[in-house]
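Per-entry structural report
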Amino acid sequence: MTSTPQTMLAARYVPGNEKLVLDRAYPIRELKDNEVLLKMVAAGVCHSDTALLSGVGLDTRTSPTLVGDRCLHRYGYVMGHEACGMPVKLGAKVDKHQIHLGQLYSALNLNGCTHGLNGASALLNSFGIGNHGSYAEYYITTSDLLVPVPEGVPPAVAAIASDAGVTAYHAVHHAAQVLIYGVGGVGHLAVQYAKHFGATVYVCDFKPAARQLALELGATEAFDWIELNKRLTAGFTVNTTIDFVATNQTFTTAMATVARNAVDFPVSPRVVLVGISAENLVFNTLAILSSEVQIIGSSYGPRSALVAALDLFAKGTVRAHVSEHPLENVNQIIEELRASDVLGRKVVVARM
Ligand SMILES: [Zn+2]
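Residues numbered from 1 in each chain as written. Predicted model: local features only at pLDDT ≥ 70, side-chain atom pairs only at ≥ 80, totals over all residues. Heavy atoms only, no water.

**Some thoughts on the pairing of strand β11 (residues 138–142)**
Along any regular strand the residues' side chains alternate between the sheet's two faces. Selection rule: For every residue, the accessible area obtained with a 1.4 Å probe (protein chains only) is divided by the maximum for its type, and the residue is called buried under 20%, exposed over 50%, and partly exposed between those limits. To qualify as a helix, a DSSP run of H or I must reach at least 4 residues; to qualify as a strand, a run of E must reach at least 2; elements of each kind are numbered from the N terminus. What makes two strands pair is DSSP finding at least two bridges between them.
Burial runs high along β11: four of the five residues are buried. As judged from the five bridges shared by strand β3 (residues 35–44) and β11, these two strands associate in the antiparallel manner. In the strand pairing of β11, Val36 is matched with Thr141.

Printed below as a string of structure tokens:
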């Protein structure tokens, strides 16, 4: 079995700190029976991390780290919840015929049986959010969360499949005419999944490069917010909006965009919220009753969504816009995400 070091480079979330703390000698703990130690090959940097680092849902939990029989309580946890890695060590009860050393795997953040712990929802007790994640040279997960990467899917793409891919695929299901707010790491995949499901896709993004990318990926029209409002005045409508931004501006506009679909009863229009912001969204009850709009939260997705996302990448049906950067640069990428200065997804890779 491959020997592994005792420590590694890891980027740790510390409550109250807007930047990740880079720890160059973070201990690699022993494995429990059903766990797998993976070498991190690629890890996507998700916009959700900027929200968590900005104090949205301030998280004061400590993830204990076991080194031998010593328990080191380091404040915070290793962030990063999009991962592609290669197993280098298996726990005693992991089936060696099922999980193979040296094979690439995409890692789910949580399984369908995960329940909330300590008063937090399952999502807040998942890989890289509450528990140690993938902004590190090595990471540990349980064998049931690993999905093999099909031939031809590069590690950076397999990494983003595990979060952006799953989330986008799950959110767009059943949309017919859809307006997508925010063509970022998740949104640019959502455009393509929606097209794959046969939807007519419109997008709204304030960045010209993001609108251009959406058009290249199959969107019918791409608006900035002012253009969208002009079109709304002229009668533009869709039956579904998917909001990867989730501010008062996008939510209010989304409600106006689907309101005209009241003529389509009994099929209710849907406003799907996927993005995370610090804003509280306000709605008028009459506007909801009169249009029978369904306001739906969508986060992450099942294992089948990851399998489907990887398959669509392997077939070339969906293209990921990714670029690779050293793990040490993760804070710089987070700053770029805060400034909305990332097109598609930036992925960190470990130098080993
Ligand atoms: Zn994410």
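**Quick notes on the coordination of the zinc ion**
The expected angle between donors at a tetrahedral four-coordinate metal is 109.5 degrees. At an octahedral six-coordinate metal it is 90 or 180 degrees. The line we're drawing: Each metal site lists N, O and S donors within 2.8 Å (3.2 Å for Na, K and Ca). With water left out of the atoms, a site can look as if it is missing ligands.
Around the zinc ion, the donor atoms from the protein are Cys46 (SG), His81 (NE2) and Asp163 (OD), and they sit 2.1 to 2.2 Å away. All donor residues of the zinc ion come from one chain, and their arrangement in sequence is C-x34-H-x81-D. With Cys46 in the loop between β3 and α1 (47–53) and Asp163 in helix α2 (residues 155–172), this pair connects stretches of sequence that are 117 residues apart.

**Describing the confidence of the model for the protein chain**
Let me state the cut-off plainly: Per residue, pLDDT captures the predictor's confidence, and it can take any value from 0 to 100. Should any heavy atoms of two residues lie within 4.5 Å, those residues are counted as being in contact.
Looking at the protein chain, pLDDT values average 88 and 87% of them are 70 or higher. Low pLDDT, under 50, characterises residues 113–120; the predicted model gives this stretch eight contacts beyond four residues in sequence or across chains.

**Overview of the sheet that holds strand β16 (residues 240–243)**
This is how it is decided: Axis lines are fitted to C-alpha atoms, over the contacting stretch for helices. Their N-to-C directions set the angle, which ranges from 0 to 180 degrees.
Here six strands make up an open sheet; going across it, the order is β15-β14-β13-β16-β17-β18 and the pairing parallel. If you trace the sheet from one side to the other, it starts and ends with β15 (221–223) and β18 (294–297), each paired once. In this sheet, adjacent strand axes meet at a mean angle of 20° when their direction is disregarded. Bridge analysis of strand β13 (residues 177–181) against β16 gives four bridges, and the strand direction is parallel. Paired with Ile180 across the two strands is Ile242, which belongs to β16. Along the sheet, helix α5 (residues 225–233) contacts β13, β14 (200–204) and β15; its crossing angle with β15, the most-contacted strand, is approximately 115°.

**Description of the environment of Glu328**
For Glu328, the position within the fold is in the loop between β19 (322–326) and α9 (330–338). Judged by its relative accessible area of 26%, Glu328 falls in the partly exposed class. Separated by 304 residues in the primary sequence, Glu328 and Arg24 place their C-alpha atoms 9.8 Å from one another. Not counting residues within four places of it along the chain, the set of residues in contact with Glu328 comprises Leu9, Leu22, Arg24 and Arg351.

**Observations regarding the packing of aromatic side chains**
As a reminder of what qualifies: Any pair of Phe, Tyr and Trp rings, taking the six-membered ring for Trp, is counted once the centres come within 6.5 Å. Such a pair is stacked with planes under 30 degrees apart, edge-to-face with planes over 60 apart, and tilted for the rest.
For the coordinates displayed, the defined rule picks out eight aromatic pairs. With centroids separated by 5.4 Å and ring planes inclined at 80°, the aromatic side chains of Tyr169 and Tyr193 adopt a geometry described as edge-to-face. With Tyr169 in helix α2 and Tyr193 in helix α3 (residues 187–196), this residue pair connects regions lying 24 residues apart in the sequence. Take Tyr169 and Tyr193: they sit in the same class, and that class is buried. Connected via pairs of aromatic rings, a cluster forms that spans Tyr169, Tyr193 and Phe197.

**Brief notes about the pattern of salt bridges**
Should their charged atoms come close, side chains of opposite charge can pair. Formally: What counts as a salt bridge is simple: a side-chain nitrogen of Lys or Arg found within 4 Å of a carboxyl oxygen of Asp or Glu.
Evaluation of the coordinates by the stated rule reveals nine salt bridges. The closest approach of N and O atoms between Asp163 and Arg345, which form a salt bridge, is 3.7 Å. Of this pair, Asp163 sits in helix α2 while Arg345 sits in strand β20 (residues 345–349); the two residues are 182 residues apart in sequence, bridging distant segments of the chain. Assessed through its relative accessible area of 3%, Arg345 is described here as buried. With a closest N to O distance of 2.7 Å, Asp311 and Lys315 form a salt bridge. Taken as a pair, Asp311 and Lys315 lie in helix α8 (residues 303–315) at a separation of four residues, close to a single helical turn. Judged by relative accessible area, which is 60%, Lys315 ranks as exposed. The network of salt bridges with common partners includes Glu82, Asp163 and Arg345.

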